[in-house]
Amino acid sequence: MPSPTDWWRSAVIYQIYPRSFADSNGDGMGDLPGITARLAGLRDLGVDAVWLSPFYPSPQHDAGYDVADYRSVDPRFGDLGDADKMIAEARTLGLRVIVDLVPNHTSNEHAWFRAALRAAPGSPERERYVFRDGRGDDGSEPPNGWQSVFGGPAWQRVADGQWYLHLFDVSQPDLNWGNPEVRAEFEDILRFWLDRGVDGFRVDVAHGLIKEATLSDYEYAGEILGGMAPEGAPPPPMWDQDAVHEVYREWRAVLDAYEGDRILVAEAWVQPADRLARYVRPDEMHQAFNFEYLDTPWIAERLRKVIDTTTAANAAVGAPTTWVLSNHDVVRHATRLGYPVGERRRPGIGAEDPQPDAPLGLRRARAASLQMLGLPGSAYLYQGEELGLPEHTTMPDEYRQDPAWERSGHAERGRDGCRVPIPWEADAPSYGFGPTDASWLPQPSSWAEYALDRQRDVPGSTYELYRSALRLRREHRLGDGSLEWLETAPHVLAFRNGGVLVVTNFGESPADLPAGVEVLLTSEPLTGDGQVPQDVTVWARG
């Protein structure tokens, strides 16, 4: 476990997607008791903390990111007593707990929004959200041309003729963060969960809270990545406004009043790296997800560049760099890396889409994970990646629940493929996800081979690769180390972190290791004469 002081600078944090982690009661939905029962396995894997995606009461139009009550637990997942037991068990096991916070928008079933619909235009209830009159003589046109991340207009008209902003689904009205009442409410929500013992918050859409004051027109809000400004251009009016940093300074003061080094983690799709680093200045957040690294293609020089730029930008503000390859919003990297190098990242994959080269994807994913875990800073793992779990790329469309599927007119498959319940036991119902065959999304039949019980204690398995890497990472204090590049062939990326040499070969020709080194771990076996094959990462000492 990391030291109590600044533990987050080097921690490995494991993302749990509660709906798909472990089902204790057989209803097909993962839950908090299921998580609690499997926390010891995460300790044995070697992670330092867990981050839970939302488990709050919600109509689940966006898988819980449409929150109806921030101070409770959805009955699908348990109750507050189950949350307390989970936090207590994590503490007993030496694991820290981070929970998701969704401050950009609420559910349309939140008590505040229901009150806003009952109230008149200009009322205090409506001032909690972004309501505006429409354009045109009769107000029948949206206030501006902003588009939803999930497709379609970002405005919805209500019965009295006004419109409300929803940068995501129509069921997710955006809050007005210029309203002091909204700010006070969320500070109280922070304290509610801090008092229950959580160690921090992952902040959803952290770059979206503040909108440009005049709501100036902009032809495309688009997907989160599409909403980022080109280098040198001002940010779009709905993203990354400078005033958002005032909010996080206020939140940081709340967290700093608690013992135990509680943290804030930004989900902020912001470029360039020095602009993202503004979120982790000393008086703001502690970490920000490194999506630029996640999005970088499997090319040595491109990866070196993004590692350098993000590390330098964070160092300039005294923050660690975080590394991530997969999460609940993107195609799993074991699948993503199975496509030709340089292809644009796909927003979901269906049976009718081009399919990946699965063995190649897993080979590259193992190499990428070993490279990532060798870097100094903090790392995030998404549940199931330690099993080499791929995307469900052949899910029948009738099972899709992501709002992006419908709102895009079925142009985007959405994120369901990375959210399928994970396999624990190859021969058990629902692969051990729960006590019955029920699962809220269908599991592919091929997943038996990825089940934990087929990999635990099996030399060379992806699970044992991760477990060995996390053990060595802790033993050699790689998270607290520093990076020194070694000049090699163009198709090889090699660096030292403390006493450990990390080498990844991207080229067709095998690569040599320096003479006399001791090999600690490899993502795949070396050649017979000790060279590094293509798409393999090696950790060595000496």
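Reading the values: rules and limits
Residues numbered from 1 in each chain as written. Predicted model: local features only at pLDDT ≥ 70, side-chain atom pairs only at ≥ 80, totals over all residues. Heavy atoms only, no water. Helix = DSSP H or I, 4+ residues; strand = E, 2+ residues; numbered from the N terminus. Polar contact = N/O pair within 3.5 Å; in protein donor to acceptor, adjacent residues only side chain to side chain. Contact = heavy atoms within 4.5 Å. Pairing = 2+ DSSP bridges. Core = buried A, V, L, I, M, F, W, Y, C linked by side-chain atoms within 4.5 Å. Buried < 20%, exposed > 50% of the residue type's maximum accessible area, 1.4 Å probe, protein only. Salt bridge = Lys/Arg side-chain N within 4 Å of Asp/Glu carboxyl O. Right-handed = clockwise from strand over helix to strand, strands pointing away. Axes fitted to C-alpha atoms, helices over the stretch in contact; angles between N-to-C directions. Parallel < 35°, antiparallel > 145°, perpendicular 65-115°, else oblique. Nonpolar A, V, L, I, M, F, W, Y, C, P; charged D, E, K, R; others polar. Phe/Tyr/Trp six-rings, centres within 6.5 Å; stacked < 30°, edge-to-face > 60°. Lys NZ or Arg CZ within 6 Å of the ring centre and 35° of its normal.

1. Some words on the side chain of Q287
For step 1, the next point in the chain: Looking at the secondary structure, you find Q287 in strand β9 (residues 287-288).
For step 2, the next point in the chain: Here W8 takes part through its backbone oxygen, which lies 2.7 Å from a polar atom of the side chain of Q287.
For step 3, the next point in the chain: For Q287, the side chain forms a polar contact with the side chain of Y380, separated by 2.4 Å.
For step 4, the next point in the chain: Ignoring anything within four residues of it in the chain, the contact list for Q287 reads W8, I13, I263, L264, V265, A266, V280, T322, S378 and Y380.

2. A short note on the pairing of strand β12 (residues 483-486)
For step 1, the next point in the chain: As paired elements, β12 and strand β13 (residues 492-497) share four bridges and run antiparallel to each other. Looking at β13, one finds that E484 is bridged to R496.
For step 2, the next point in the chain: With antiparallel pairing between neighbouring strands as the criterion, β12 and β13 make up a hairpin whose turn holds five residues.

3. Here we look at the nonpolar core
For step 1, the next point in the chain: If you look at the biggest cluster of nonpolar residues, it comprises 125 residues, and the most contacted ones within it are F201, Y248, W251, L373 and W539.
For step 2, the next point in the chain: Setting aside its immediate chain neighbours within four residues, L373 contacts V12, A379, L381, Y466, A469, L470, R473, L478 and W539.
For step 3, the next point in the chain: In this structure, W8, I13, I263 and V330 belong to the second largest nonpolar core, which totals 16 residues.

4. Structural notes on the pattern of salt bridges
For step 1, the next point in the chain: Overall, the coordinates contain 47 salt bridges when judged by the stated rule.
For step 2, the next point in the chain: Note that E246 and R183 form a salt bridge whose closest N and O atoms lie 4.0 Å from each other. Residue E246 is found in helix α5 (residues 244-256), and its partner R183 is found in helix α4 (residues 180-195); the two are separated by 63 residues along the sequence.
For step 3, the next point in the chain: For R183, a relative accessible area of 15% corresponds to the buried category.
For step 4, the next point in the chain: What emerges from the salt-bridge pattern is a single network uniting D62, D329, D402, R415 and R419.

5. Here we look at the pairing of strand β3 (residues 96-101)
For step 1, the next point in the chain: The element β3 is extensively covered by neighbouring structure, given that six of its six residues are classed as buried.
For step 2, the next point in the chain: In β3, alternate side chains face the same way, and those of R96, I98 and D100 on one face and V97, V99 and L101 on the other are all buried.
For step 3, the next point in the chain: Of the pairings in the sheet, the one linking strand β2 (residues 49-52) to β3 comprises four bridges and is parallel in character. Bridge pairing in β3 places W51 opposite I98.
For step 4, the next point in the chain: For the segment spanning β2, helix α2 (residues 80-93) and β3, crossover handedness is right-handed.
For step 5, the next point in the chain: Of the strand pairs in this sheet, β3 and strand β7 (residues 200-203) are connected by four bridges, and their pairing is parallel. In the strand pairing of β7, V99 is matched with F201.

6. Focus on the environment of A315
For step 1, the next point in the chain: By the secondary structure assignment, A315 is in helix α8 (residues 300-315).
For step 2, the next point in the chain: We classify A315 as exposed; its relative accessible area is 53%.
For step 3, the next point in the chain: Placed 41 residues apart in sequence, A315 and D274 show a C-alpha to C-alpha distance of 10.0 Å.

7. Brief notes about unusual backbone geometry
For step 1, the next point in the chain: Residue P272 follows Q271 across a cis peptide bond; omega there is 0 degrees.
For step 2, the next point in the chain: The residue L215 is not glycine, and still its phi comes out positive at about 50 degrees.
For step 3, the next point in the chain: Along the chain, L215 falls in the loop between β7 and α5.

8. Observations concerning the sheet that holds β12
For step 1, the next point in the chain: Strand order across the open sheet formed by five strands is β12-β13-β14-β16-β15, with antiparallel pairing between neighbours. Lying at the two open borders of the sheet, with one neighbouring strand each, are β12 and β15 (518-522). The mean inter-strand angle of the sheet, taken between neighbouring strand axes irrespective of direction, is 25 degrees.
For step 2, the next point in the chain: Where β15 meets strand β16 (residues 536-541), four bridges bridge the pair, whose relative direction is antiparallel. Of the residues in β16, the one forming a bridge with L521 is W539.
For step 3, the next point in the chain: Those strands touched by helix α10 (residues 358-373) are β13, β14 (500-505), β15 and β16, and its axis lies near 35 degrees from that of β16.
For step 4, the next point in the chain: Those strands touched by helix α13 (residues 462-475) are β15 and β16, and its axis lies near 130 degrees from that of β15.

9. Comments concerning the packing of α10 against α13
For step 1, the next point in the chain: Interaxial distance between α10 and α13 falls to 10 Å at its minimum, and their mutual angle equals 10 degrees. In terms of orientation, α10 and α13 fall into the roughly parallel class. Across from L362, R366, S369, L370 and L373 in α10, the residues of α13 making contact are T462, L465, Y466, A469, L470 and R473.
For step 2, the next point in the chain: For the contact of α10 with α13, a count of residues per class yields seven nonpolar, two polar and two charged.

10. What to know about the packing of aromatic side chains
For step 1, the next point in the chain: All told, the structure shown has 26 aromatic pairs when counted by the stated rule.
For step 2, the next point in the chain: Taking 5.1 Å as the distance between ring centres and 80 degrees as the angle between the ring planes, the aromatic pair formed by F113 and Y129 counts as edge-to-face. Placement of F113 in helix α3 (residues 111-118) and of Y129 in the loop between α3 and β4 (131-132) is noted, with a sequence separation of 16 residues between them.
For step 3, the next point in the chain: Ring centres of F289 and Y380 lie 4.8 Å apart, and the angle between their planes is 75 degrees; this geometry places the pair in the edge-to-face category. Of the two residues, F289 is situated in the loop between β9 and α7 (291-294) and Y380 in strand β11 (residues 378-382); the sequence distance between them amounts to 91 residues. Here F289 and Y380 have matching classes, each one buried.
For step 4, the next point in the chain: Cluster of aromatic residues (ring-pair linked, three or more members): F55, Y56, Y70, W177, F186, F192, W193, Y248, W251 and Y279.
For step 5, the next point in the chain: Above the ring of F131, the side-chain terminus of R126 is found at 4.7 Å from the ring centroid.

11. A short note on the side chain of N176
For step 1, the next point in the chain: In this fold, N176 is placed in the loop between β6 (163-165) and α4.
For step 2, the next point in the chain: Here G178 takes part through its backbone nitrogen, which lies 3.0 Å from a polar atom of the side chain of N176.
For step 3, the next point in the chain: Those residues within four positions of N176 in sequence are excluded, and the remaining contacts are E127, R128, Y129, V130 and V182.

12. Thoughts on the packing of helix α1 (residues 32-45) against α13
A pair of packed helices is characterised by two quantities: the angle between their axes and the separation of those axes.
For step 1, the next point in the chain: At their nearest, the axes of α1 and α13 sit 8 Å apart, and the two run at 65 degrees to each other. In contact with G41, D44 and L45 of α1, α13 contributes Y463, Y466, R467 and L470.
For step 2, the next point in the chain: Class assignment for the residues of the contact of α1 with α13 results in four nonpolar, one polar and two charged.

Purely geometric stuff here, so don't read any function into it on its own.
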